[in-house]
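Read off the chains here:
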Amino acid sequence: MVSTINQPYTTLSNGIEMPLLGLGVYDMHGAEAEQAVQDALETGYRLFDTASLYENENEIGNALRNSNIARADVFVTTKLGNVDHGYDATLRAFEKSLEKLQMDYVDLYLIHWPVKGQRKESWKALEKLYNDKRVKAIGVANYLVEFLDELESYAFIIPMLNQVEFTPWLFQGELLQYCQNRNIQLQSYSPLTRGLKLGDPRLIALAEKYDRSPAQIVLRWNIEHGISTIPKSVSKKRLQENFGSLNFKLTADDVAFMDTFNENFRICDNPMEML
Ligand code: NDP
């Protein structure tokens, strides 16, 4: 993947390159979603994270197709819906996603949620899609250490990426270490806590120290850890602000300080319920 935009990329375990920062597109639809993708492309974003659950694969595909950016220069993730688990159902769901995106491959296909009793067969289907070269990389989402251990017992292919909720207020050090040890790229979702923790006085103090916004400090904290992150925004101003997290650094001490903010704070359901 070639980009003229100066931004950090990570190399997945199978050699595929992926930008560290991307746009999450949950909860945007129609013209608003198409405009957000267009604005993001103009800002420099090259990674887009959608899912069949978000019901906007069509719009995301339209916006990317109508842009002047080559398909090979963008990285598109989509996900298997919870209602589509099982070997054959997964293969069918994948074709439906491709059709909606109007693409002949996706860069990354993820199991959205470790659905009890079905995740093994679904992973086997993802392995087939990968072996058949229908996807550049495969991975999982919401897989805690227990789920990754289980997957390792039957998988031929170890996921290239694990997308989980991960913020200073939900600092999962053991999971980060586990993924790093196995060369599984960690990617954080809801990195901005949907705004709920951006007023934390410790974060505000850091924002003042670096003359940056609270959102930029949190996103930069991810980048310093080597964690890919996918903040969502439909505002061009905030898209630019979030992308601006790529052009400054935090000290190691400040990163370590932010690691201590942990209070097991979650926006989304705790995947442990699926064990
Ligand atoms: P985020 O933490 O990214 O927060 C998004 C919210 O914050 C929006 O309301 C947005 O508003 C606002 N916002 C964006 N930028 C700023 C800023 N600089 N300052 C203040 N507010 C800001 O939440 P999401 O839950 O959307 O997570 C991001 C992505 O992660 C999703 O879009 C999706 O792709 C993925 N995800 C995956 C899940 C999974 O199970 N795998 C679960 C949840 C999310 P506005 O748009 O108006 O700017």
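Preceding this paragraph is the structure being described.
Quick summary incoming for the structure in this document. These numbers were taken from a predicted model, which means no experiment stands behind them. (Residues numbered from 1 in each chain as written. Predicted model: local features only at pLDDT ≥ 70, side-chain atom pairs only at ≥ 80, totals over all residues. Heavy atoms only, no water.)

## Focus: the overall build of the protein chain
Along the protein chain, the regular secondary structure elements total ten helices and ten strands. Relative to the compact-globule value of 19 Å for 275 residues, the protein chain shows a C-alpha radius of gyration of 18 Å, a close match. Counting only C-alpha atoms, the protein chain reaches 55 × 40 × 30 Å along its principal axes. Per-residue burial for the protein chain yields a buried fraction of 57% across its 275 residues. Carbon and sulfur atoms make up 48% of the accessible area of the protein chain, which amounts to about 11700 Å² in all. When the 28 positive and 37 negative side-chain charges of the protein chain are each reduced to one mean point, those points stand 2 Å apart. (Helix = DSSP H or I, 4+ residues; strand = E, 2+ residues; numbered from the N terminus. Rg over C-alpha atoms; globule rule 2.2 N^0.38 Å. Buried < 20%, exposed > 50% of the residue type's maximum accessible area, 1.4 Å probe, protein only. Areas by Shrake-Rupley, 256 points an atom, 1.4 Å probe, with all protein chains shown as cover. Lys, Arg positive; Asp, Glu negative; His and termini not counted. Charge placed at Lys NZ, Arg CZ, Asp CG, Glu CD.)

## Here's the deal with the site of the ligand
Neighbouring the ligand are 27 residues, the closest being D49, Q163, R194, S233 and R238. Here an oxygen atom of the ligand and a backbone polar atom of L192 are 2.8 Å apart. Here an oxygen atom of the ligand sits 2.6 Å away from a polar atom, N or O, in the side chain of S233. Summarising the interface, the protein chains cover 85% of the accessible area of the ligand, which totals 900 Å² for the free molecule. At three residues, helix α9 (residues 236-243) tops the list of elements feeding residues into the shell around the ligand. Classifying every residue of the shell around the ligand by side-chain character gives 13 nonpolar, eight polar and six charged. (Near = heavy atom within 4 Å. Polar contact = N/O pair within 3.5 Å; in protein donor to acceptor, adjacent residues only side chain to side chain. Nonpolar A, V, L, I, M, F, W, Y, C, P; charged D, E, K, R; others polar.)

## Comments concerning the pattern of salt bridges
Evaluated as defined, the whole model comprises twelve salt bridges. Salt-bridge contacts for E42 lead to K236; the nearest nitrogen and oxygen are separated by 2.9 Å. Here E42, found in helix α1 (residues 30-43), pairs with K236, found in helix α9; they are 194 residues apart in sequence, far enough to count as distant. On the basis of relative accessibility, which here comes to 33%, the residue K236 falls in the partly exposed class. Close ionic contact of E263 with K197 constitutes a salt bridge, the shortest N to O distance being 2.5 Å. With a gap of 66 residues between them, E263 in the segment after α10 (252-259) and K197 in the loop between β9 (185-189) and α7 (201-210) connect regions that are remote in the sequence. (Salt bridge = Lys/Arg side-chain N within 4 Å of Asp/Glu carboxyl O.)

Just geometry here; none of it tells us what the structure is for.
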